[in-house]
Each structure stands twice: as C-alpha cells, then as structure tokens.
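Here are the chains, one letter per residue:
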Amino acid sequence: MLNVPSQSFPAASSQQRVASGGRSKVPLKPGRSLMDWIRLTKSGKDLTGLKGRLFEITEEELKKHNKKDDCWICIRGLVYNVSPYMEYHPGGEDELMRAAGSDGTDLFDQVHRWVNYESMLKECLVGKMAVKLAAPQDYHEEKKVLNGMLPKSQVTDTLAKEGPVSPSYDWFQTDSIVTIIIYTKQKGMNLDSVIVDYQDVSFRAETIIKDYSYLIHMVNPMELIFSVRVANVGKVEIDLKKKEHTSWKHLGRALENHNSLTPRKDTGLYYRKCQLISKQDVTHDTKLFCLMLPPSSHLQVPIGQHVYLKLTIAGTEIVKPYTPVSHSLLSELMAPLLPNNKYIYFLIKIYPAGLFTPELDHLQIGDFVSVSSPEGNFKISQFQELEDLFLLAAGTGFTPMVKILNYALTNVPSLRKVKLMFFNKTEDDIIWRSQLENLAFKDKRYEVEFVLSAPTSEWSGKQGHISPALLSEFLKRSLDKSKVLICICGPTPFTEQGIRLLHDLSFSKDEIYSFTA
C-alpha cells in the first residue's frame, strides 16, 4: 500500500489528521510526485543496488549506511535503502536523515504510522535485522481452559502495570447464539469503544481501553454479528449468530495477536470494505459521500477522530485520512444523537488535478472503498462542565467540527455559548451555509460568523484571514472565568498561525485543541 502525498500532507484545505504537532514540508522538484514514485518502483530499476539479493543486517552494518547517497533505515526489523526515495519524500531529505543508519521505527510512528511502508518501500528492501526470534505462542493452550478463557500471560505484565487493568473475556452459548463477554474493568466504555468485524471466517473484536487496544481474533464459521452491548460497569457483550444450531466445544482457533493488550500507537490499521451508497453535491467542489459498512461489522467513529480511505490507483493502494461527519446538522439536533453503526458520511473536496479525490469521485454507486478503524486523540471528557466552546475552521477543516457541534449542543448541559468562525475563499465555498445559519435560529446558544478572503463586492460580512483583531472580538467568554475549549482545524499554516494568536491572547494550552498534521 503506497501513500506518498504529492506535495504535503495534508494538502491545503484538506481534512486534517489528529496529532499533537506539525511537521514541516518542502516543495518537491518537478518529476518527484506520487505518480513519479509509483512509476519508478514499477520500472524494474534496482533501487537497492544489491541486484535483488536480501541480506541479514547486523546493527554494526546498519550504522555504516548513514549518508544521503547511502542511507539505510530500519523500520520494525526490516531494513530499507531509502536513498532513491530522498527526493520524493514530502518531509524533505533532512527528515529521513534523522533516522539514517539506525532504527527509525519510533520516528516513523510519530509522523505517519498509518503508511504501509512495506508496500511503499518494497523495492528498496535490503533485508532483515539479525535478531533473535521469540518462541512462538502455543495457542493450543486454549483447549485446556473452560469456555475459551485464555491465560493472562498473553496480556503482558508490563502493559498491565503501565496501562489499564488487564482485560479478559469469556463466552457462553444457546442453540442459536454465541455471546462473547469482554471484561474491560473500566468505567465509561461506550459503543464507539468497540470495533467488531467478521470477514472470511475471521472474527475480530477490538476494544479501545484508554490508549490501549484489547484484541480478540479467532477463526470460526459463525454467520454474522447479531448485536453489541456495553454496560456501565465496563462489560462488553457481543452476540454472534451460529451458522448451524449445534453446540460449540470451543470458541475457535486463535489468530495473530489474539487476547493481547497493546498500546494503540503500536497496532496496525485494519480495513473493511464499505459500499458507496450515495454522493451529492454540497458546494461547487465538495461532495457528501455515504458509505455503508458490511452487515457483519460494528464501527462507530468517536467524535474528533478520523479514518483512512483506501483505493487502488494505477495498480497501487493509496490511502488518505478523512474525518467522518453527520449526514446533516439540523436532523441530528432535533433529538439526542442515536447510535448509527451502519453508515459513515464524509464531506470531501474534489481536487481535479489530484490523484485520490478524482478517483473517489469517479466511483459508481455500489462500488467499494476500504475504510480503516478510527484514530485520533480527541477526548470527549474535554466537554465536562464546559461553558464556552469556540470553533475555528478553514475550508474542509470544518469536518471535525460537525460532530463536535452536534454533540456539544445536545449533550453538554453546562454549555452557555457555542461560536463557529468559518474561513473560506468565496461564498460558494461555504459548506452547509444554510444549515449553519438555520441552526443559529433554532439554538440561541449558537452563533456562526463567516470570513472570506476573496469575496465579491456584494459581500457585507467579515473579510480577510485569521488575525488578532478577528479573534479578540470573537473569543469573548460568557463569564470572566468560564471554562473554555477552542478547537481549530484547517490548512497547516492557518492552524499554526491560529495557535500562536490564541497563546498571544492568553489562552492556555489546555484550552486549545488543534486538529493538525
């Protein structure tokens, strides 16, 4: 799976990926675009300089290759000669050189863990690190334990001490239903904390517990997911419909990472194929896409988090991050939000000269798109006792604000004020303008201000770019010491400038949440 953005990630005005900070981009030379890299990797050229041979690399050997024209990097035990990729890297050569001749796994994870480096750099593979392999897990231990309860040894003592209390699972059955019970031992679990998939007789249930992932991963010929329930005490129940009404002697055969508790940053992305149900114009260049999850999947994307969409383009898998939205603003606000694990909606700007979005736009109704599990670090606990919520969005940086806006106005009783300042180029670029304005009539706590950088002469609203004058007037607390949260999202320069201005206006780090790359 190849994911090398053509200029920068995210592109100007694209949806933003949640992270704690930004990274600089560099302009790429002509002929160094994403498609140029794809062509090079498919050209048959020897990119390693080793004529297709693979070697076992010692740490001492790796250290020798630390120059731009001879740069080897190790990622999760695999060693790559990244010298041919230097000029194609959107972050610049210096960024790659930070890991030259060493293990770059941690640096890679900090910047873009979501990229499938094994596919992206497969023609640059030099070999594997010379390491001592651990003994394989004997999964036959499961047969010795009643009802499929595996020993806790697989949930390591180290993780149990550093993270949440070690979870466990059990199961019981009727003639037609198997119920898996996951004991998370954590309060505050929600349906969006559980992701369940059944594909190709493989059952996979991932439970998000704080910053950890607890995985059940097994093979069994069950028919489909019947329901998912979460109790206040942190107990998760998953009902599975049997294919045949027979008694099961065991739950199934364990697969990779079964019954494991892993930091989320160390887990790989998992995809399921979703069907395109509809797409409709929202502005002249932005569309609302509706994707339907498989009937045997349970997935609810938490507020403030994003997923990755994957398409095969020119024989190569390309991935881009997008933040799901509600299907509209007003309908969601007529009543409390209801769980919906069947459809996922995306507001996506189509770039005619781009690679990914035109391909997405050319999909026909009924075609499929691979959708990853959610990622992001936005915490809904930030809304507790919140009194003033300010949202600063530019372009499609509006997308994470949709669910935030919906949730705040329907589920935060302490809220006095919600204000959105929405920056765009022209009036035609404003997403869901009528809905945003109608919402202000329906809920007096909410206000919206539109700011245009290239308005027509008829525009009577605010003009310009994000600035101290605009923000100081906009960001007025309802009370002198009211609890405030400011969310900001847009192109990287917009977000970085906004954060600097917010600090200048004496807002603290805890009062600011940025959706940035």
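The text that follows walks through the structure, step by step, so that each part is easy to find. Every value quoted in this text rests on a predicted model; they were computed, and no experiment measured them.

Some thoughts on the packing of aromatic side chains
Item 1. According to the stated counting rule, one finds 13 aromatic pairs in the structure shown.
Item 2. With a centroid separation of 4.9 Å and an interplanar angle of 20 degrees, the aromatic rings of Phe 398 and Phe 422 are classed as stacked. Note that Phe 398 is positioned in the loop between strand S23 (388-394) and helix H9 (399-411) and Phe 422 in strand S24 (residues 417-424), a separation of 24 residues in sequence. Assigned by exposure class, Phe 398 and Phe 422 land together as buried.
Item 3. Arranged with centres 4.9 Å apart and planes meeting at 70 degrees, the rings of Tyr 513 and Phe 515 form a pair that is edge-to-face. Like Tyr 513, the residue Phe 515 is buried in the burial classification.
Item 4. Each residue in the set Phe 378, Phe 383, Tyr 407, Tyr 513 and Phe 515 is aromatic and connected to the rest through ring pairs, giving one cluster.

Topic: the nonpolar core
Nonpolar side chains tend toward joint burial in soluble globular proteins.
Item 1. Grouped together as the largest cluster of nonpolar side chains are 41 residues, with contacts concentrated most on Phe 383, Leu 389, Phe 398, Leu 436 and Cys 487.
Item 2. Leaving out residues up to four positions away in the same chain, Cys 487 has contacts with Phe 378, Leu 389, Phe 390, Leu 391, Leu 392, Met 401, Ile 404, Tyr 513 and Phe 515.

Side note on the pairing of strand S25 (residues 446-452)
In summary, the side chains of a regular strand alternate between the two faces of the sheet.
Item 1. With respect to burial, S25 is a largely interior element, 6 of its 7 residues being buried.
Item 2. Taken together, the 7 bridges between S24 and S25 define a ladder with parallel strand orientation. Residue pairing in the sheet places Phe 423 in a bridge with Val 451 of S25.

What to know about unusual backbone geometry
Item 1. One non-glycine residue, Asp 200, lies in positive phi territory at about 50 degrees.
Item 2. Along the polypeptide, Asp 200 turns up in the loop between strand S9 (194-199) and strand S10 (202-209).
Item 3. Of note in this structure, Lys 210 is not a glycine but carries a positive phi near 55 degrees.
Item 4. Mapped onto the secondary structure, Lys 210 falls in the loop between S10 and strand S11 (212-219).

Overview of helix H4 (residues 105-112)
Side chains of residues three or four places apart in an α-helix project in the same direction, reflecting 3.6 residues per turn.
Item 1. Counting buried residues in H4 gives 6 out of 8 residues, a clear majority hidden from the surface.
Item 2. Those residues of H4 that fall on the buried side of the exposure criterion are Thr 105, Leu 107, Phe 108, Asp 109, Val 111 and His 112.
Item 3. Looking at the buried residues of H4, the elements they touch are strand S3 (70-75), helix H3 (93-97), strand S5 (102-103) and helix H5 (117-120).

Rules of the game
- Residues numbered from 1 in each chain as written.
- Predicted model: local features only at pLDDT ≥ 70, side-chain atom pairs only at ≥ 80, totals over all residues.
- Heavy atoms only, no water.
- Phe/Tyr/Trp six-rings, centres within 6.5 Å; stacked < 30°, edge-to-face > 60°.
- Helix = DSSP H or I, 4+ residues; strand = E, 2+ residues; numbered from the N terminus.
- Buried < 20%, exposed > 50% of the residue type's maximum accessible area, 1.4 Å probe, protein only.
- Core = buried A, V, L, I, M, F, W, Y, C linked by side-chain atoms within 4.5 Å.
- Contact = heavy atoms within 4.5 Å.
- Pairing = 2+ DSSP bridges.

Read these as layout, nothing more, since geometry by itself doesn't imply function.
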